[in-house]
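Here is how the chains run, residue by residue.
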Amino acid sequence: MKAEKGTPAGALSPDSPAALDTSRARAIVLFGSPGSGKGTQSKYLVEWLGIPQISTGDMLRDHMRRGDAIGLSVTDRMRAGSLVSDELVNELVRERISEPDCDNGFILDGYPRTPAQAEEMLRLVAERGAEEVVIHLVVDYNVIISRMTGRRVCPKCGTLYNSVSRPPKIEGICDLDGTALVVREDDREDVVRRRLAEYERQTQPLIDFFRRSSRRLIEVDASHDKPEAVFRKIQARLESVNGG
Ligand SMILES: [Zn+2]
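Residues numbered from 1 in each chain as written. Predicted model: local features only at pLDDT ≥ 70, side-chain atom pairs only at ≥ 80, totals over all residues.

### Quick notes on the pairing of strand β1 (residues 25–32)
At step 1: Of all the eight residues making up β1, eight are buried; the element is thus mostly covered by neighbouring parts of the structure.
At step 2: Relative to strand β4 (residues 130–138), β1 runs parallel, the two sharing eight bridges. By the bridge assignment for β4, Ala-25 is matched with Ala-130.
At step 3: With four bridges connecting them, β1 and strand β3 (residues 105–109) associate as parallel partners. What sits directly across from Val-29, in β3, is Leu-108. (Buried ≥ 20, exposed ≤ 12 C-beta atoms within 10 Å, placed from the backbone. Helix = DSSP H or I, 4+ residues; strand = E, 2+ residues; numbered from the N terminus. Pairing = 2+ DSSP bridges.)

In structure tokens, the structure reads:
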């Protein structure tokens, strides 16, 4: 059964992105740096569209837990310090998206990771009769860095604070138990900068690939608004590529 969402395309302005055929399923690929709120937006999309999120990382870990042939080959590769092959990941995705719960669409998480995988993804999605929509959460890295490095945690009770959005009553002290707050390893500025640089290195070639090859690239500013407001922007853009 296909979802009927929005109205048929036809009234698009010449500048609009290519119309999304409403009779076909959406294959959504979501890109966002650490601190961009990608996990939250993904959850909102799953709820709104009623489609599954497919995580290649989870699938691989599943195989490893089961200790089947795929799991064993992946374990060997990881022990050897090499990446899981494109062929294997592509095949996992191909099998997973052929399942009936993907009939109305799906969200891809952690895939594609390379332009070669992206090319194969477009083929698999077309073969599945779906339409890809790439969503890029664009962030100002300075905002992300100040947001993430402003985080403090109470080592005693685990309460999280943020010097910008949720400061403690007394600077550096937990409101609940008076313990001195600490910076988590993950939130140290040099660690945040390194993770952002790594994300940029891996993701920019993919964004460039989709810019060149697909007109359904939705870029949404995610630095300044609350997650709900960012999601409303995504919804509006998805509805406009839907022709509705
Ligand atoms: Zn505390």
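And the narrative resumes.
### Re the nonpolar core
At step 1: By size, the foremost hydrophobic cluster in this structure holds 40 residues, and its most contacted members are Ala-27, Ile-28, Ile-107, Leu-108 and Ile-135.
At step 2: Residue contributions to this core peak at six residues, all from β1.
At step 3: Not counting residues up to four positions away in its chain, the partners in contact with Leu-108 are Ala-27, Ile-28, Val-29 and Ile-54. (Core = buried A, V, L, I, M, F, W, Y, C linked by C-beta atoms within 7 Å. Contact = placed C-beta atoms within 7 Å.)

### Notes on the sheet that holds β4
At step 1: The five strands lie next to each other as β2-β3-β1-β4-β7, forming an open sheet whose pairing is parallel. At either margin of the open sheet sits one strand with a lone partner, and together these are β2 (53–55) and β7 (217–221). Ignoring strand direction, the axes of neighbouring strands in this sheet form an average angle of 25°.
At step 2: Here three bridges tie β2 to β3, and the two strands are oriented parallel to one another. Bridge pairing in β3 places Gln-53 opposite Ile-107. (Axes fitted to C-alpha atoms, helices over the stretch in contact; angles between N-to-C directions.)

### Examining the confidence of the model for the protein chain
At step 1: The predicted model of the protein chain averages 86 in pLDDT, with 87% of residues at 70 or higher.
At step 2: Below a pLDDT of 50 lies the segment residues 1–20, which in the model reaches 36 contacts outside its immediate sequence neighbourhood of four places, other chains included. (pLDDT = per-residue confidence, 0-100.)

### Some words on unusual backbone geometry
At step 1: Note the cis peptide between Tyr-111 and Pro-112, where omega equals -5°.
At step 2: Here Pro-112 lies in the loop between β3 and α5 (115–127).

### Concerning the packing of α5 against helix α7 (residues 189–213)
At step 1: Contact pair α5 / α7: the axes reach a minimum separation of 9 Å and the direction vectors enclose 40°. With respect to each other, α5 and α7 are oriented oblique. The crossing of α5 and α7 is right-handed. Facing α5, whose interface residues are Pro-115, Ala-118 and Leu-122, α7 presents Pro-205, Leu-206, Phe-209, Phe-210 and Ser-213.
At step 2: Per-class residue counts for the contact of α5 with α7 are seven nonpolar, one polar and no charged. (Parallel < 35°, antiparallel > 145°, perpendicular 65-115°, else oblique. Left-handed = near helix turned anticlockwise from the far one by under 90°. Nonpolar A, V, L, I, M, F, W, Y, C, P; charged D, E, K, R; others polar.)

### Some remarks on α7
Along an α-helix, residues three or four positions apart point the same way, because every turn accommodates 3.6 residues.
At step 1: For α7, spanning 25 residues, the distance from its first C-alpha to its last is 35 Å, which sits close to the expected 36 Å at 1.5 Å a residue.
At step 2: The principal kink in α7, of about 35°, is found at Thr-203, preceding the proline Pro-205 by one to four residues.
At step 3: All buried positions along α7 are accounted for by Val-192, Leu-206, Phe-209 and Phe-210.
At step 4: In the core, the buried residues of α7 are packed alongside β1, α5, β4, α6 (141–149) and β7. (Expected span 1.5 Å × (residues − 1). Bend = angle between axes of the 7 residues up to and from the residue.)

### Regarding the packing of α6 against α7
At step 1: It is the contact of α6 with α7, at a shortest axis distance of 10 Å, that shows an interaxial angle of 140°. Here α6 lies oblique to α7, going by the angle between them. In this structure, α6 crosses over α7, and the sense of that crossing is right-handed. Seen from α6, the contacting residues are Tyr-141, Ile-144, Ile-145, Met-148 and Thr-149; seen from α7, they are Glu-189, Val-192, Arg-193 and Leu-196.
At step 2: Its residues placed into classes, the contact of α6 with α7 shows six nonpolar, one polar and two charged.

### A closer look at the environment of Ser-55
At step 1: Inspection of the secondary structure assignment puts Ser-55 in strand β2.
At step 2: By C-beta crowding, Ser-55 is classed as partly exposed, having 17 other C-beta atoms within 10 Å.
At step 3: Remark: the alpha-carbon pair of Ser-55 and Asp-109, spanning 54 residues in sequence, is separated by 4.6 Å.
At step 4: Beyond its immediate stretch of four places on either side in the chain, Ser-55 contacts Asp-109 and Gly-110.

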